[in-house]
Amino acid sequence: MDVHALLGDLKHHYIAWGVVFGILTCFEVLNPREDHRLRTRLLGVGFWMVSLLISFVATVMLALAWQKLGVRPLFTIPSVLAVVGGPVIGGILAALIAAIAHDFFFYWFHRIQHRWLWRWHAVHHSIEELNAVNSYHHPSEAMIALIVMQIPMSLLIGMHGPVSPIVNLVLWCHVVWIHSPTRVTLGPLRALIVDNRFHRIHHSTEERHFDKNFGAFTTLWDRLFGTCHMPARDEWPVVGIAEARQPRGFGEWVRMPWHIGPADAPPEQPDAVALPEGQPAPA
């Protein structure tokens, strides 16, 4: 194992995510739907730095383990797409197929989190000023995802051949942007691809939105499995959970799962009235 190469990869990992967070924060500041405090954004950056490190280590550990054991996925997204569509079109198609397949595993992992692992996932849902950098998870979720999602997915499906860094950047931007309070949305494309308005429903405090919109990339799986709620034009609900406020520091972030309540399912929450546009979230 080349330690210097791994450190270089980690550095590039942080740089790429820094670019993603920077781009999306600019969108939020220049075209806001809500006003958020600088302090919460800075806390979010700090939490993400820890989470990204844990996630990077977990992914490297899995890749090294499978390489050592000679484990290969059962199915592979064919690199022939690059031959059929050319390196650009073929690469984009392969990346889209990979994203849709990954979202299938994520969809079920997400539902498992709400049913049996709520105590940890509730940290993500406790966020009341939801934006690009303030969309962190509990640090333990990277290891939970490794066991529940990444290992099964890596055994079943893999991607053969490189993916364009630009395509990767766009996909990373998308998975963070779905938490952004910016007015920039996908419009009619929301019927197929998850955007910030669609995912906002998932974080809503309104009971009619509970257990809806689990997908993070495509609406396909929510439609297929009956959990889709397509937002109306004026739906922009308050987000958060009744049993906890968003963490105010590193200690609260780490300890929160042990103060949430039963881990088997989220408790019922009262309906909330959506904030008028431009009004800041509760402090």
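A brief look at the structure comes next. Computed from a predicted structure; not experimentally measured. (Residues numbered from 1 in each chain as written. Predicted model: local features only at pLDDT ≥ 70, side-chain atom pairs only at ≥ 80, totals over all residues. Heavy atoms only, no water.)

Turning to the packing of aromatic side chains, a few remarks are in order. Under the defined criterion, the tally for this structure stands at 15 aromatic pairs. Ring centres of Phe47 and Trp253 lie 4.4 Å apart, and the angle between their planes is 20 degrees; this geometry places the pair in the stacked category. Of this pair, Phe47 sits in helix H2 (residues 38-69) while Trp253 sits in helix H9 (residues 250-255); the two residues are 206 residues apart in sequence, bridging distant segments of the chain. When the centroid spacing of 5.1 Å and the interplanar angle of 85 degrees are considered together, the rings of Tyr107 and Trp108 count as edge-to-face. When its relative accessible area of 0% is taken as the criterion, Tyr107 is described as buried. Members of the aromatic cluster, connected to one another through ring pairs, are Trp17, Phe21, Trp48 and Trp172. One cation-aromatic arrangement involves Arg33 over Trp236; the distance from NZ or CZ to the ring centre is 4.4 Å. (Phe/Tyr/Trp six-rings, centres within 6.5 Å; stacked < 30°, edge-to-face > 60°. Helix = DSSP H or I, 4+ residues; strand = E, 2+ residues; numbered from the N terminus. Buried < 20%, exposed > 50% of the residue type's maximum accessible area, 1.4 Å probe, protein only. Lys NZ or Arg CZ within 6 Å of the ring centre and 35° of its normal.)

Our next topic: unusual backbone geometry. A positive phi angle is found at Asp211, which is not glycine, with a value near 55 degrees. Assignment of secondary structure puts Asp211 in the loop between helix H7 (196-202) and helix H8 (220-224). Unusually for a residue other than glycine, Asn213 sits at a positive phi of about 55 degrees. Among the secondary structure elements, Asn213 is positioned in the loop between H7 and H8. Residue classification places Asn213 among the buried residues on the basis of a relative accessible area of 0%.

Here we take up H2. Taking 1.5 Å of rise per residue, the 32 residues of H2 would be expected to cover 46 Å, and the 47 Å separating its terminal C-alpha atoms lies within 8% of that figure. Downstream of H2 by a residue or two, Gly70 has a phi angle that is positive, lying close to 70 degrees. (Expected span 1.5 Å × (residues − 1).)

Before going further, it helps to examine the layout of surface pockets. Its volume calculated, the second largest pocket comes out at about 420 Å³. Surrounding the second largest pocket, 18 residues form its lining, Val170, Leu171, His174, Trp177 and Leu186 being those nearest its centre. At the level of elements, helix H1 (3-30), helix H3 (80-116) and helix H6 (165-177) are the ones that each hand at least two residues to the lining of the second largest pocket. (1 Å grid on protein atoms, 1.4 Å probe; cavity = no way out; pocket = protein on both sides within 12 Å on 5 of 7 lines; lining within 4 Å. Points joined across faces, edges and corners; volume = space filled by probe spheres on them.)

Looking now at a nonpolar patch on the surface. On the surface, Ile15, Val19, Ile23, Phe27 and Val184 cluster together into a nonpolar patch covering about 370 Å² of accessible area. Summarising the element assignment, Val19 is placed in helix H1. We classify Val19 as partly exposed; its relative accessible area is 38%. (Patch = residues over 30% accessible without salt bridge, like charges linked within 9 Å, V, L, I, M, F, W, Y side chains within 5 Å. Areas by Shrake-Rupley, 256 points an atom, 1.4 Å probe, with all protein chains shown as cover. Salt bridge = Lys/Arg side-chain N within 4 Å of Asp/Glu carboxyl O.)

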